[in-house]
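# A closer look at the structure
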Amino acid sequence: MSFLDVHQGISSSSSGVLCFNLKERKMTTQKSNKAIHIALWIAQGLVAIMFGMAGFMKATQPLELLTESLPWASDVPLELIRVIGVSEILGGLGLLIPSIFRFKTFLTVWAAVCLALVMGLAAGFHLLRGEFSAIGMNALLVGIALWIAWGRSKKAPIMAKS
């Protein structure tokens, strides 16, 4: 039996066990990838909802209402808050829409990376202001967004329609 035969999973009577093990390994890998695929979809959905809601609030609410829930809002220009809000909405949509419609699916990875960057910058902003309680959530979201980016680029990518 040649390397090509093993690689393609072609079996002969003397190598049936070897090919069975290759098929079994493939099935185990498929089950593992399916679990990661499902976990990634759940993470994408939850993070998209969270960023969508937070972004919608920042993009639409009057400054007076924003300062009640976001104390830092009174210290930065309203235009910056609106830009952050729109960025969060677009990032949340970017986590879902390309993957759902299987069109330019690389945009899901880029959306996750950009949201991780936004949260990293937010953590730095809160650190400078001494708002240490907010940094934990920023760090958690950075980690989840980077996991989504890794998962959708390496472990369980969604293929674009051809």
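Just above, that's the structure.
This section reports on the structure supplied with the text. In this convention, every chain numbers its residues from 1, walking through the sequence in written order. Restriction of local features to residues with pLDDT of at least 70 applies here, the model being predicted, together with a cutoff of 80 or more for giving and counting side-chain atom pairs; totals for whole chains, interfaces and linings are based on all residues. Note: side-chain values were computed over all heavy atoms of the structure, leaving out hydrogens and water.

### Topic: the overall build of the protein
Formally: Counting from the N terminus, the helices are DSSP H or I runs at least four residues long and the strands are E runs at least two residues long. Per-residue accessibility, obtained with a 1.4 Å probe over protein chains only, is compared with the maximum for each type, and a residue is labelled buried under 20%, exposed over 50%, and partly exposed between these values. By definition, residues are in contact when any of their heavy atoms lie within 4.5 Å. Computed with a 1.4 Å probe, the accessible areas rest on the Shrake-Rupley method; for each residue, only the protein chains presented here act as cover.
Scanning the protein for helices and strands turns up six helices and zero strands. Mapped from its N terminus to its C terminus, the protein presents α and β elements in the order α-α-α-α-α-α. Counting across all 162 residues of the protein, residues that qualify as buried make up 30%. Put simply, 59% of the contacts in the protein that link residues at least 6 apart link residues at least 24 apart. A total accessible area of about 10,300 Å² is found for the protein, and carbon and sulfur atoms account for 71% of it.

### Quick notes on helix α6 (residues 132-155)
Selection rule: Every helix has an expected span of 1.5 Å times one less than the residues it contains.
The terminal C-alpha atoms of α6 lie 33 Å apart, and with 24 residues this matches the ideal 34 Å at 1.5 Å per residue to within 8%. Buried within α6 are the following residues: Asn138, Leu141, Ala145, Ile148, Ala149, Gly151 and Arg152.

### Re the pattern of salt bridges
Spelled out, the test is: By definition, a salt bridge exists where a carboxyl oxygen of Asp or Glu is found within 4 Å of a side-chain nitrogen of Lys or Arg.
If you walk through the whole model with that rule in mind, you get three salt bridges. Through salt bridges that share partners, Asp75, Arg129 and Glu131 make up one connected network.

### Section: the side chain of Lys58
For clarity, the cut-off: Think of a polar contact as two N or O atoms within 3.5 Å of one another; within protein, one of them needs to be a possible hydrogen donor and the other a possible acceptor, and neighboring residues in sequence only count if both atoms come from side chains.
Its location among the elements puts Lys58 in helix α2 (residues 16-60). Separated by 2.9 Å, the side chains of Lys58 and Glu88 make a polar contact. Apart from the residues within four sequence positions on either side, Lys58 is in contact with Leu66, Leu70, Trp72, Ile81, Arg82, Ile84, Gly85 and Glu88.

Remember that the coordinates give geometry; whether it matters functionally is a separate question.
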